[in-house]
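Commentary on secondary and tertiary structure
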Amino acid sequence: RYNPENLATLERYVETQAKENAYDLEANLAVLKLYQFNPAFFQTGVTAQILLKALTNLPHTDFTLCKCMIDQAHVSSGSQTWCLYPENPSKSWILGSQGVNLWGLAGVGYFHSPFFPKFSLDGPKMQQEERPIRQILYLGELLETCHFQSFWQALDENMELLEGITGFEDSVRK
């Protein structure tokens, strides 16, 4: 199960799930566990697909399980933080620097969660290849905290995240 020689097969299976609107949590967790054991094999695109598929299974805890298995090196950098109140950033606390308006959305850009380390989605220190993971984590926080309008607005601004994911929007609505 956790043999790195199986990783390519499991990654193809994740892509198949995305294309065929299928979902297999156990296989996806196995991929993330293999990435933990073998960080050199980490694939941002596959991890993004796993997170997006887990989002479609809310309110179950799949998304939380998946995000907890991702190495913090792939989700944190810089000294910025999210703020808890998307509608009212002035109520939020900010560590180290000013908040960043995510995706330029009016009234949405700030978000803080005590469960995530400090980071910014668009900060200059962010590595471009990790941006999709951070965006998906942000989308997940919006859904988990019932900021549905903000979620759909942010998703509309970043539809490229859904490339190759069949039925995502319909699955989230269920």
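Residues numbered from 1 in each chain as written. Predicted model: local features only at pLDDT ≥ 70, side-chain atom pairs only at ≥ 80, totals over all residues. Heavy atoms only, no water.

The omega torsion of the bond from Leu58 to Pro59 falls at 15°, within 30 degrees of zero and hence cis. Here Pro59 lies in the loop between helix 3 (44-55) and helix 4 (62-68). A positive phi angle, close to 55°, is found at Asn21, a residue other than glycine. For Asn21, a relative accessible area of 37% gives the class partly exposed. Backbone geometry at Cys146 places phi at a positive 60°, although glycine is not the residue there. Relative to the elements of secondary structure, Cys146 occurs in the loop between helix 5 (131-144) and helix 6 (148-157). On the basis of relative accessibility, which here comes to 51%, the residue Cys146 falls in the exposed class. (Helix = DSSP H or I, 4+ residues; strand = E, 2+ residues; numbered from the N terminus. Buried < 20%, exposed > 50% of the residue type's maximum accessible area, 1.4 Å probe, protein only.)

Time to look at the packing of helix 2 (residues 25-37) against helix 3. The geometry of helix 2 relative to helix 3 is characterised by a closest axis approach of 10 Å and an angle of 140° between their N-to-C directions. The handedness of the crossing between helix 2 and helix 3 is left-handed. Between helix 2 and helix 3, the residues in contact are Asn28, Val31, Leu32 and Tyr35 and Val46, Thr47 and Ile50, respectively. In terms of residue class, the contact of helix 2 with helix 3 is built from 5 nonpolar, 2 polar and no charged. (Axes fitted to C-alpha atoms, helices over the stretch in contact; angles between N-to-C directions. Left-handed = near helix turned anticlockwise from the far one by under 90°. Contact = heavy atoms within 4.5 Å. Nonpolar A, V, L, I, M, F, W, Y, C, P; charged D, E, K, R; others polar.)

With that settled, consider the packing of helix 1 (residues 7-20) against helix 2. At a minimum axis distance of 10 Å, the contact between helix 1 and helix 2 shows a crossing angle of 135°. Taken together, the axes of helix 1 and helix 2 lie oblique to each other. The way helix 1 lies across helix 2 gives a crossing that is left-handed. Facing helix 1, whose interface residues are Leu7, Leu10, Glu11, Tyr13, Val14 and Gln17, helix 2 presents Ala27, Asn28, Ala30, Val31, Leu34 and Tyr35. Among the residues making up the contact of helix 1 with helix 2, the classes are represented as 9 nonpolar, 2 polar and 1 charged. (Parallel < 35°, antiparallel > 145°, perpendicular 65-115°, else oblique.)

Bringing the confidence of the model for the protein chain into the picture now. Scored by pLDDT, the protein chain comes out at a mean of 78, with 68% of its residues at no less than 70. Ignoring residues within four places in sequence, the model shows residues 78-126, a span with pLDDT below 50, making 113 contacts including any to other chains. (pLDDT = per-residue confidence, 0-100.)

Here Leu10 lies in helix 1. As for Leu10 and Ala30, which are separated by 20 residues in sequence, their C-alpha atoms are 8.0 Å apart.

Moving on to the nonpolar core. Counting residues in each nonpolar core, the largest one holds 40 residues, and the members touching the most others are Val31, Leu51, Leu55, Cys66, Ile136, Phe151 and Phe168. Those elements that place two or more of their residues in this core are helix 1, helix 2, helix 3, helix 4, helix 5, helix 6 and helix 7 (168-173). Among the elements that line this core, the one with the most residues is helix 2, at 8 residues. Contacts of Leu55, omitting those with residues within four sequence positions, involve Phe63, Ile136, Leu139, Gly140, Leu143, Phe168 and Val172. (Core = buried A, V, L, I, M, F, W, Y, C linked by side-chain atoms within 4.5 Å.)

Moving on to the pattern of salt bridges. Within this structure, the stated rule accounts for 3 salt bridges. Glu141 is the salt-bridge partner of Lys67, the closest N and O atoms lying 3.3 Å from each other. Residue Lys67 is located in helix 4, and its partner Glu141 is located in helix 5; the two are separated by 74 residues in the primary sequence. Here the two residues Lys67 and Glu141 agree in accessibility, since each one is buried. Lys67 is paired through a salt bridge with Glu144; the nearest N and O atoms lie 3.3 Å apart. Of the two residues, Lys67 sits in helix 4 while Glu144 sits in helix 5, which places them 77 residues apart along the sequence. Taking the relative accessible area as the measure of exposure, Glu144 reaches 30% and is therefore partly exposed. What emerges from the salt-bridge pattern is a single network uniting Lys67, Glu141 and Glu144. (Salt bridge = Lys/Arg side-chain N within 4 Å of Asp/Glu carboxyl O.)

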